[in-house]
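# Descriptive structure summary
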Amino acid sequence: MAGRIHARLRLRVAKKASASSNPTVPPPQASFVPSSITGPAPLTVRFANLWSGSITGYSWNFGDGTVASDTTPAHTYVAPGVYQVTLIAFGPGGQSTAR
């Protein structure tokens, strides 16, 4: 008597690529370096954007509720504290995040 085989398949159906995306272009690589990592408040920090790849936009979150979309922004921290900065680089091949 033959045994039964029960198979459970999990399928992931991808969204069709839109006309604005290009699956043959690799995603950008986000990277940055702050001009300073410590100092007395108020502290102005300039961020050198060290991205690579094809970039169409940026989203910066400075960790204190402030955001920007500049390529190489400067931000002033007015209160003492520890802040996590996040950069998201967008491009035709996707997006990349650096912290």
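The structure contained in this document is the topic of the report that follows.

Parameters at a glance
Residues numbered from 1 in each chain as written. Predicted model: local features only at pLDDT ≥ 70, side-chain atom pairs only at ≥ 80, totals over all residues. Heavy atoms only, no water. Pairing = 2+ DSSP bridges. Helix = DSSP H or I, 4+ residues; strand = E, 2+ residues; numbered from the N terminus. Buried < 20%, exposed > 50% of the residue type's maximum accessible area, 1.4 Å probe, protein only. Contact = heavy atoms within 4.5 Å. Core = buried A, V, L, I, M, F, W, Y, C linked by side-chain atoms within 4.5 Å. Axes fitted to C-alpha atoms, helices over the stretch in contact; angles between N-to-C directions.

## Side note on the pairing of strand S3 (residues 57–61)
Sheet analysis places S3 next to strand S6 (residues 86–91), joined by five bridges and oriented antiparallel. Bridge pairing in S6 places Gly57 opposite Phe90. One ladder, built from two bridges, connects S3 with strand S4 (residues 67–68); its direction is antiparallel. By the bridge assignment, Asn61 is partnered in S4 with Val67. Here S3 hands over to S4 after five residues, with Gly63 in that stretch at a positive phi of 85°.

## Looking at the sheet that holds strand S7 (residues 94–98)
Strand order across the open sheet formed by four strands is S4-S3-S6-S7, with antiparallel pairing between neighbours. Strand pairing shows two members of the sheet lacking a second neighbour, S4 and S7, which therefore form its edges.

## Thoughts on the environment of Ala30
Locating Ala30 in the fold gives a position in the segment before strand S1 (32–34). Take Ala30: its relative accessible area is 12%, and that puts it in the buried class. C-alpha of Ala30 to C-alpha of Ile88: the two residues are 58 residues apart in sequence and 6.5 Å apart in space. Ignoring anything within four residues of it in the chain, the contact list for Ala30 reads Leu87, Ala89, Ser96, Thr97 and Ala98.

## Comments concerning the nonpolar core
Ranked by size, the top nonpolar core spans 13 residues in total, and within it Phe32, Phe47, Trp60, Phe62, Tyr77, Val85 and Leu87 carry the most contacts. The biggest single contributor to this core is strand S2 (residues 43–49), with three residues. If we ignore the near neighbours within four places in the chain, the residues touching Leu87 are Ala30, Ser31, Phe32, Asn49, Tyr58, Ser59, Trp60, Ser96, Thr97 and Ala98.

## Observations regarding the sheet that holds S2
Strand order across the open sheet formed by three strands is S1-S2-S5, with antiparallel pairing between neighbours. Edge positions in the sheet fall to S1 and strand S5 (74–77), since each has one partner strand and no second. The mean angle between the axes of side-by-side strands here comes to 25°, regardless of whether they run parallel or antiparallel. Note: S1 against S2, three bridges, orientation antiparallel. Bridging from a neighbouring strand, Pro34 pairs with Phe47 of S2.

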